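# Structure assessment
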Amino acid sequence: MNNIAIVDYGMGNFHSVARALRAAAPDADISICNTPQGIDRADRVVFPGQGAMPDCMRTLDRSGLRDAVLRAARAKPLLGVCVGEQMLFSESEEGNVRCLDIFPGRVKRFAGPQFGSDTDAAGGELLKIPHMGWNRVSQTRSHPLWAGIPDGTHFYFVHSYYAQPDHPAITVGESHYGMRFTCAVAAANIFAVQFHPEKSAGHGLRLYRNFVDWNP
């Protein structure tokens with residue numbers, strides 16, 4: 001039986017992720033873990049996150065789980081979700097904070113006012129920030145976690161920042177919000193997405209099931 005740990009460092013919608021995983025993989029042993037030992041014992045790890053990046057990194061460090069997440073990223077299947085995906089990169093513009101530096105690259109903010117108007121001073125249209133809602137995801141590279149999910153499927157997003165990898169080859173999914181941006185990355189035993197599979201209906205559950213079945 002798969003033993004799956006959802007990393008609980010205090011900044012994530014862990015219970016929603018757990019419910020979705022249990023629906024997608026009722027045969028798996030799924031636990032919300034807040035100890036390094038629980039993460040180390042797991043066969044695979046889900047690393048979610050939400051909120052401001054400085055708070056997420058500070059809370060991760062205070063939780064004592066940072067090293068356990070890094071060990072998991074080196075040794076077992078790991079799925080990053082939303083800010084959990086962003087935290088895998090080198091640094092973020094949000095607070096100019098250093099992240100986990102597993103993937104070289106920078107997390108950048110969309111151009112637009114925070115909860116602001118629809119136009120700039122010159123009358124030009126601006127993006128509404130945060131970006132919220134269903135967006136089409138283009139699969140830029142095949143991957144086992146895309147199995148059974150059609151290219152162009154809509155997934156649910158809630159974010160103001162996006163990851164910009166230094167190495168485009170790790171991008172496996174892109175979406176469009178004023179510009180094309182990376183929304184899914186993969187390398188070796190890691191797959192990570194900006195969108196929320198747990199809020200993305202049947203195809204989100206399929207992605208979770210694919211993760212449970214994945215043997216990188």
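Above this text is the structure in question.
All values derive from a computational prediction rather than experimental measurement.

## Points about the environment of L70
Within the secondary structure layout, L70 lies in helix α4 (residues 66-75). It is 8.1 Å that separates the C-alpha atoms of L70 and I102, two residues lying 32 residues apart in sequence.

## Quick look at the nonpolar core
Ranked by size, the top nonpolar core spans 73 residues in total, and within it F47, W146 and F191 carry the most contacts. For this core, the element with the highest residue contribution is helix α1 (residues 14-24), accounting for six residues.

## Structural notes on unusual backbone geometry
With omega at 5°, the peptide bond leading from I129 into P130 counts as cis. With respect to the helices, strands and loops of the structure, P130 is situated in the loop between β7 (103-109) and β8 (131-136). Here C82, not a glycine, exhibits a phi torsion of approximately 60°, which is positive. Looking at where C82 falls in the secondary structure, it is placed in strand β4 (residues 78-82). Of note in this structure, D101 is not a glycine but carries a positive phi near 60°. Take D101: it is sitting in the loop between β6 (97-98) and β7. For D101, a relative accessible area of 40% gives the class partly exposed.

Conventions and cut-offs
- Each chain carries its own residue numbering, running from 1 in the direction its sequence is written.
- Owing to the predicted nature of the model, reporting of local features is limited to residues with pLDDT of at least 70; listing and counting of side-chain atom pairs is limited to 80 or more, with chain, interface and lining totals taken over all residues.
- For the side-chain quantities, the full set of heavy atoms in the structure was used; hydrogens and water were omitted.
- The secondary structure listing takes helices from DSSP runs of H or I that are at least 4 residues long and strands from runs of E that are at least 2 residues long, numbered from the N terminus.
- Within this scheme, the nonpolar core is defined by two criteria: the residues are buried Ala, Val, Leu, Ile, Met, Phe, Trp, Tyr or Cys, and they are joined through side-chain atoms within 4.5 Å.
- Three exposure classes are used, based on accessible area relative to the maximum for each residue type with a 1.4 Å probe and protein chains only: buried under 20%, partly exposed in between, and exposed over 50%.

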